[in-house]
Structure formats: C-alpha cells, structure tokens
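This is what each chain is made of:
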Amino acid sequence: MSTSKSKVSVVGSFMMDLVVWTEKRPAIGETIAGTDFGQFFGGKGSNQAIAAARLGAEVSFIGKLGADSFGNQFVELLKKENINSTFVTQSETAGTGVALPIVDAEANSTIIIVPRANAQLSTSDVERAADVIKQSQVLLMQLETTMEAVVKAAEIAKSNNIIVMLNAAPAAPIPEQLYHHLDYLIVNETEAEILSNLKVTCAETAKIAAQELLKKGVTKGILVTIGSKGAIFCDANGCSHYPPFNVSHVVDTTGAGDAFCGAFAHSIAQGDSVVDAIKFGNAAGGHAVTVKGATPSMPAQADIQKVMQLGFKQ
C-alpha cells in the first residue's frame, strides 16, 4: 500500500438503518418474532465515505439529509469521522432516508430503502461542490440519490481527469452517457445480472456479465463482488478472480459491499495498483461481515491488517 494521502469525493446517500435479525423471513401473511433489533447509521454513500475516511482518505461528502433528529445525528457523525460536510444540506420538506434491513440466521441480508431527502439531491447541489470534486483523486458514487446528480458529478469529474467510480446499487437503468464517464463500475451478482441482462450464478457467469458490461463504455474495468467467493475484475486484458480472506465468523453481510467500495476507492486514490486495491477491498469486506450493523463494521487500517494475516479462503 502507498502511504500518500488520498482525496475522495462521495456523492451519495444517508439512511438510518433500522435492522431486524431473524431466524427466517416471514411468508406472506405470517408474523414471526425476531431475535434482535438495532438502529445504525447507514446509507451506501455514508458507509463508503466512512470506510474511506477511517482508512486514511481525506473525504468530502455531497448529499442531502432531512432537517430532523436523524439528520442532526448524521451531521455529528460526519464531524466525528473527520468528513468534510460543507456540501451536505438539510431539506425542510423531506425527512432523512431510512433503510430496513432484515438479516437471517445465515447472516444474509435483504434491504428496503426509503430515500426521502436523498431523492432531492439536485444537479445544482453537485455544481456547488464542483471545486471539491475537481480537487479529488477519485469520485465515488452510488444509486441511492438521483440519477441527475450522479450524471452531473461524473461529467464534472471526467472533464477534469478525476477517476470516476460508480457502485450501481441499488440496480437501476444507467444512461448510456454515464457508462462512458465511468472508469470503474462496481456491482454485486444481482446488480450485474440486472444491468447485463445475463444470469449470474457463479464466478464464471459473473465474468461473462462483466465482459458484457465492459462493452457499454466503462474505461478501466468492471468489478463484480461475489460475496463469500471474493471478487471478479474484468478489463480490456481479460478477467481475474480474487478470492476472499478466511474470516473466522460471519454475523452480518449488510455493510460488506460498502466497506469494499470505500477501501477500493481509497487505495486507488493513493496510487495503488488495481490488484492491490481489490485485495484491500476484499479485506475490508471480510472485516465488515464480522460486525453487526453497517457503519460500525466499516474498517480501520488495523482491522484490514488483521484480516490480511488470515490468508485467502481456499
């Protein structure tokens, strides 16, 4: 890993996570008792920004909160995590976003999100933050805000030779011009399947889907995170599989993808190779699955090193 300071701008979301743990998901019309409940800071943008900041990046956030108690708590969180919140505003007409993750006995999660104020992030909000985007090495985005804001941020970054990363989550149709602004597209198996219109069931089919997505104009490569199997990376030279690290226990997969994205962005921003950045991201995701809740599971450098010492999963 390089030791140079990285600068990452995040255009993204805030969600207060209201998490339920349960032995199984209820069938339609069924009521069951859960095993635990927790309230955590979340949102893909917030999680990824915190991951990058905890790992040493200088992070600036562009996003929208509600003028409510959840929003005020997020403002304090950003201060605590040393994230520049100059371009985070609070809406008077919509509340802070909320997410409702359900985690089953196998630690697999499904999530319902209600964007609320995130859906008000505008191109004007992004344009006001143009200077901070231009001063970054990496722009990191997701799809929990508005597509208009994402496209505008990508245009600003690309025209100033800033590396543009999109974590296309949750999956949504991506405008053709946005693909051409992207250096890296990061998706999980479900998102890869939706965007490529190809079935993804294993590492090999993930490679096929990634190759199809590469044709859409992404310049540097496609990353497909495949959960407990690691990650696939495809570029013009072909595809490679990067195995996960051998973590001892899994309690919650909710924040694993966000930990990966934040770590990958930080690593690329400080000049590391793609290979090293993917391994770093895999280690971050490996740590995240061992901790309950999204924001609490975002790793620090010491957490990454502990996971790397475990070696790769066979």
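Residues numbered from 1 in each chain as written. Predicted model: local features only at pLDDT ≥ 70, side-chain atom pairs only at ≥ 80, totals over all residues. Heavy atoms only, no water.

Colleague: What is the right way to read helix α5 (residues 147–159) from this model?
Modeller: Because an α-helix completes one turn every 3.6 residues, residues spaced three or four positions apart along the sequence face the same direction. The end-to-end C-alpha distance of α5 is 18 Å, a good match for the 18 Å that 13 residues give at a rise of 1.5 Å each. Considering only its buried residues, α5 is in contact with β1 (7–11), α3 (123–128), α4 (130–134), β8 (138–141), β9 (163–167) and α6 (176–181). A positive phi of about 60° marks N161, the residue just after α5. (Helix = DSSP H or I, 4+ residues; strand = E, 2+ residues; numbered from the N terminus. Expected span 1.5 Å × (residues − 1). Contact = heavy atoms within 4.5 Å.)

Colleague: Before we go on, may I ask you to explain the packing of aromatic side chains in this structure?
Modeller: Aromatic ring pairs are defined here through the distance separating the ring centres and the angle between the ring planes. According to the stated counting rule, one finds seven aromatic pairs in the structure shown. Relative to F264, the ring of Y184 lies with its centre 5.3 Å away and its plane at 85°, an arrangement referred to as edge-to-face. Residue Y184 is located in strand β10 (residues 184–188), and its partner F264 is located in helix α9 (residues 256–269); the two are separated by 80 residues in the primary sequence. Members of the aromatic cluster, each reached through a chain of ring pairs, are F14, F41, F61 and F74. Above the ring of W21, the side-chain terminus of K292 is found at 4.4 Å from the ring centroid. (Phe/Tyr/Trp six-rings, centres within 6.5 Å; stacked < 30°, edge-to-face > 60°. Lys NZ or Arg CZ within 6 Å of the ring centre and 35° of its normal.)

Colleague: Which parts of the structure should I look at to understand the environment of T295?
Modeller: Residue position: T295 is located in helix α11 (residues 294–297). Remark: the alpha-carbon pair of T295 and G43, spanning 252 residues in sequence, is separated by 8.8 Å. Of the polar contacts made by the side chain of T295, one reaches the backbone oxygen of F41; its length is 2.6 Å. (Polar contact = N/O pair within 3.5 Å; in protein donor to acceptor, adjacent residues only side chain to side chain.)

Colleague: Just to check I follow, could you spell out the pattern of salt bridges for this structure?
Modeller: Where charged atoms of side chains with opposite charge meet at close range, the side chains can pair. Under the defined criterion, the tally for this structure stands at 13 salt bridges. Of the charged contacts in the structure, one is a salt bridge between K24 and E30, with a shortest N-O distance of 3.0 Å. Looking at K24, the relative accessible area reads 42%, which means it is partly exposed. Overall, E30 belongs to the partly exposed group, its relative accessible area being 33%. A salt bridge links D125 to K64; the shortest N-O distance between them is 3.3 Å. Of this pair, D125 sits in helix α3 while K64 sits in strand β4 (residues 58–66); the two residues are 61 residues apart in sequence, bridging distant segments of the chain. The burial state of D125 is the same as that of K64; both residues are buried. Linked by salt bridges that have partners in common, K64, D125 and R128 make up one network. (Salt bridge = Lys/Arg side-chain N within 4 Å of Asp/Glu carboxyl O. Buried < 20%, exposed > 50% of the residue type's maximum accessible area, 1.4 Å probe, protein only.)

Colleague: Honestly, the state of the cysteines in this entry has me stumped. Any pointers?
Modeller: Should the sulfur atoms of two cysteines be covalently bonded, the bond is a disulfide. One pass over the structure, following the stated rule, counts one disulfide. Counting only cysteine sulfurs, C239 is the nearest neighbor of C202, a cysteine outside any disulfide, at a range of 12 Å. Looking at C261, it has no disulfide partner, and the nearest cysteine sulfur is the one in C234, 16 Å off. Owing to a relative accessible area of 1%, C261 belongs among the buried residues under this scheme. (Disulfide = S-S within 2.5 Å.)

Colleague: Would you take a moment to explain the sheet that holds β9 for this structure?
Modeller: Pairing between sheet strands relies on hydrogen bonds along the backbone, with the strands arranged either parallel or antiparallel. Within the open sheet, the nine strands sit side by side as β5-β4-β1-β8-β9-β10-β11-β12-β13. Their pairing is mixed. Lying at the two open borders of the sheet, with one neighbouring strand each, are β5 (84–91) and β13 (238–242). Direction aside, neighbouring strands of the sheet carry axes that sit 15° apart on average. In the sheet, β1 pairs with β8 via four bridges, with the strands oriented parallel. Paired with S9 across the two strands is L139, which belongs to β8. Against the sheet, helix α1 (residues 44–54) makes contact with β1, β4, β8 and β9, and its axis sits at roughly 155° relative to β4, the strand it touches most. (Pairing = 2+ DSSP bridges. Axes fitted to C-alpha atoms, helices over the stretch in contact; angles between N-to-C directions.)

Colleague: Can you help me understand the pairing of β13 in this one?
Modeller: Regular strands place side chains that alternate from one sheet face to the opposite one. Bridge count for strand β12 (residues 231–235) against β13 is five bridges, and the pairing is antiparallel. Across the sheet, residue C234 finds its bridge partner in β13, namely C239. Taken together, β12 and the strand that follows it, β13, pair antiparallel across an intervening segment of two residues.

Colleague: What exactly am I supposed to notice about the pairing of strand β6 (residues 98–103) here?
Modeller: Strand direction decides the pairing type here: strand β2 (residues 15–21) and β6, joined by four bridges, are parallel. By the bridge assignment, V20 is partnered in β6 with I102. The pairing of β6 with strand β7 (residues 109–114) spans six bridges and is antiparallel. Each bridged residue has a counterpart across the sheet, and for P101 the counterpart in β7 is I111. The loop that links β6 with its antiparallel partner β7 comprises five residues; one of these, A107, has a positive phi angle of about 70°.

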